[in-house]
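Breakdown of the fold
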Amino acid sequence: MGSLAMSLVMVLSMFLLQTAFAGNFYQDFGNIWGGNRAKIMNNGQLMTLSLDQASGSGFQSKTQYMYGRFDMQMKLVPGDSAGTVTTCYMSSLGSGSTHYEIDMEFLGNSTGQPYLLHTNIFTQGQGNREQQFYLWFDPTQGFHTYSILWNPHSIIFSVDGKPIRQFKNLESNGIPYVNGQPMWLFASLWDAEDWATRGGLVKTDWSQAPFTAAYSNFNSQACVWPGTCSSTTSTGGSSWFNQELDVSGQQLIKWAQSRYMVYNYCTDHKRFPQGVPPECAFN
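Here the structure is a predicted model, which means the values were calculated and not measured.

1. What to know about the overall build of the protein chain
A tally of helices and strands in the protein chain yields 4 helices and 15 strands. Considering the protein chain as a whole, with its 283 residues, one finds that 50% of them fall into the buried category. About 13000 Å² of surface is accessible on the protein chain, with carbon and sulfur atoms providing 51% of the total.

2. Comments concerning the state of the cysteines
Enumeration over the complete set of coordinates arrives at 2 disulfides. Note that Cys223 is cross-linked by a disulfide to Cys229, the S-S spacing being 2.0 Å. Looking along the S-S bond of the Cys223-Cys229 disulfide, the torsion reads about 65 degrees, which is the right-handed sense. Across the pair, exposure class does not vary: Cys223 and Cys229 are buried alike. Between Cys266 and Cys280 runs a disulfide, and the two sulfur atoms are separated by 2.0 Å. Looking down the S-S bond of the Cys266 and Cys280 bridge, the torsion is -80 degrees, so its handedness is left-handed. You can see Cys266 sitting in the segment after β15 (261-264) and its partner Cys280 sitting in the segment after β15, a full 14 residues away along the chain.

3. Here's the deal with the pairing of strand β14 (residues 211-225)
Moving residue by residue along a regular strand, the side chains alternate between the two faces of the sheet. As defined by bridge partners, strand β3 (residues 46-51) adjoins β14 across 6 bridges and the pair is classed as antiparallel. Pairing of Leu46 across the sheet is with Ser216, part of β14. Where strand β5 (residues 64-75) meets β14, 9 bridges bridge the pair, whose relative direction is antiparallel. From the neighbouring strand, Gln73 faces β14, where its bridge partner is Ser216.

4. Description of unusual backbone geometry
Omega for the bond connecting Ala209 with Pro210 falls within 30 degrees of zero, at 5 degrees, which places this linkage in the cis form. With respect to the element layout, Pro210 can be found in the loop between β13 (184-191) and β14. Trp225 connects to Pro226 through a cis peptide bond whose omega is 5 degrees. The residue Pro226 is located in the loop between β14 and α3 (239-242) in this model. One non-glycine residue, Leu93, lies in positive phi territory at about 60 degrees. The topology assignment puts Leu93 in the loop between β6 (84-91) and β7 (101-107).

5. Some details on helix α4 (residues 247-259)
For α4, built from 13 residues, the straight-helix expectation of 18 Å at 1.5 Å per residue is met to within 8% by its first-to-last C-alpha distance of 18 Å. When we look at burial in α4, the residues that qualify are Gly249, Ile253 and Ala256. Looking straight down α4, one finds that the buried residues subtend no more than 65 degrees of arc, so they occupy a single side. Along α4, the residues that are exposed and aim more than 90 degrees away from the buried face are Val247, Gln251, Lys254, Ser258 and Arg259.

6. A short note on the sheet that holds strand β2 (residues 38-41)
In space, the 7 strands of this open sheet follow the order β2-β3-β14-β5-β10-β11-β12, with antiparallel pairing throughout. Of all strands in the sheet, those bounded by a partner on one side alone are β2 and β12 (162-168). Strand-to-strand twist in this sheet, taken as the mean axis angle between neighbours without regard to direction, amounts to 20 degrees. Sheet topology note: the β5/strand β10 (residues 144-150) ladder contains 7 bridges and is antiparallel. Counted as the bridge partner of Met72 is Tyr146 from β10.

7. Comments concerning empty space enclosed by the protein
This structure, assessed with the given rule, holds 1 cavity of 30 Å³ or more. A volume near 30 Å³ is recorded for the largest cavity. As for the largest cavity, its lining consists of Phe70, Asp71, Met72, Cys88, Met104, Tyr146, Ser147, Ile148 and Leu185. Of all the elements in the fold, those that place two or more residues in the lining of the largest cavity are β5 and β10. Here the lining of the largest cavity is built from residues that sort into 7 nonpolar, 1 polar and 1 charged.

8. Considering the environment of Gly174
As for its placement among the helices and strands, Gly174 is situated in the loop between β12 and β13. For Gly174, a relative accessible area of 64% translates into the label exposed. Separated by 105 residues in sequence, Gly174 and Glu279 have C-alpha atoms that sit 9.5 Å apart.

9. Overview of the nonpolar core
In terms of nonpolar packing, the biggest core is built from 62 residues, with Phe59, Met72, Met90, Ile102, Phe106, Trp150 and Ile155 touching the most fellow members. No other element matches β14, which puts 7 residues into this core. Beyond its immediate chain neighbours, meaning those up to four positions away, Met72 contacts Phe25, Phe29, Phe59, Cys88, His144, Thr145, Tyr146, Leu185, Tyr215, Ser216, Asn217 and Phe218. Judged by nonpolar contacts, the second largest core, of 5 residues, contains Leu107, Leu116, Ala192 and Ala196.

The rules behind the values
Here the residue numbering is sequential within each chain, running from 1 through the sequence in written order. For a predicted model such as this one, the threshold for reporting local features is a pLDDT of at least 70, and the threshold for listing and counting side-chain atom pairs is 80 or more; totals across whole chains, interfaces and linings nevertheless cover every residue. With hydrogens and water excluded, all non-hydrogen atoms of the structure serve as input to the side-chain values. Secondary structure elements are taken from DSSP: a helix is a run of H or I of four residues or more, a strand is a run of E of two residues or more, and numbering for both begins at the N terminus. Type-normalised accessible area, obtained with a 1.4 Å probe on protein chains alone, sets the label of each residue: buried when under 20%, exposed when over 50%, and partly exposed for intermediate values. To measure how exposed things are, a 1.4 Å probe is used in the Shrake-Rupley method; for residues, cover is taken only from the protein chains shown. Working definition: a disulfide is two cysteine sulfur atoms within 2.5 Å of each other. Paired strands, as defined in this entry, are two strands with at least two bridges between them according to DSSP. To estimate the expected span of a helix, count its residues, drop one, and scale the result by 1.5 Å. It is the directions from the helix axis to the C-beta atoms whose arc is reported. Every axis in this analysis is a line fitted to C-alpha atoms, fitted for helices over the stretch in contact. Angles between the N-to-C directions lie between 0 and 180 degrees. Of the grid points, spaced at 1 Å and generated over the protein atoms alone, those admitting a 1.4 Å probe that cannot get out make up cavities, while open sets with protein on both sides within 12 Å along at least five of seven lines make up pockets; any residue with an atom within 4 Å of a point is treated as lining. Grid points are joined across faces, edges and corners, and a volume is the space filled by probe spheres set on the points. In this count, Pro and Cys sit with the nonpolar residues alongside Ala, Val, Leu, Ile, Met, Phe, Trp and Tyr, while Asp, Glu, Lys and Arg are called charged and the others, Gly among them, polar. Residues enter a nonpolar core if they are buried and are Ala, Val, Leu, Ile, Met, Phe, Trp, Tyr or Cys, with the set joined through side-chain atoms within 4.5 Å. A contact between two residues is defined here by any heavy atoms of the two lying within 4.5 Å.

Set out below in structure tokens:
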């Protein structure tokens, strides 16, 4: 292949794999639902979602991604938020074995207790990999950064730059990984009073509606689908593509899980009487 043709291929690859930095909600997101409950403000730098008894609201990225690092600043529903779920997650929107998902869901509370961060991972249509954490700050008083790093090595959830959970690629051990299916990024605010707060014991107090959460400063370093993705073709620098937890990151995960984890499917032997899922021996 001649040098000119090679250059054109490289330019095309970079176009397909364009990364969004300091994202703009007008440019990066569409398929906004909930009517005027979803509002973009500040020249596209801020979006608010609201929930009332008639409907919730949400939005979806305009593009699909195949691996990336995604950061979203969020300010959660203040006050009595029982029954509400504020989310930022990725999904392939597939059915059956083609459904893949990486979830961060924030479960509201009416008791003044810390917000509960619910994480889950779906591979080949199968979830049931929940880990839940209390947050060590009040997420309603200001914006905090919630991140998903998804690369060929692992999925890492982080809060304000502190990793709290890792799900490793263990395909060599016969364990499915989030691989081969591009995903969109979603955010939503919806009512889940049947399970969200204390297992559904505390219901949504609609006299407190509308409930409102805010999103800001979306950043991504990612491979945009369609296109190939590798450490040499990914944009925004390749560090995220090969990133793995160093000793400091492993210590932060131990810190978060020892102090703030309140549920781990890997230790729920009552739920899995025949034995916990095989990835638990590695993660």
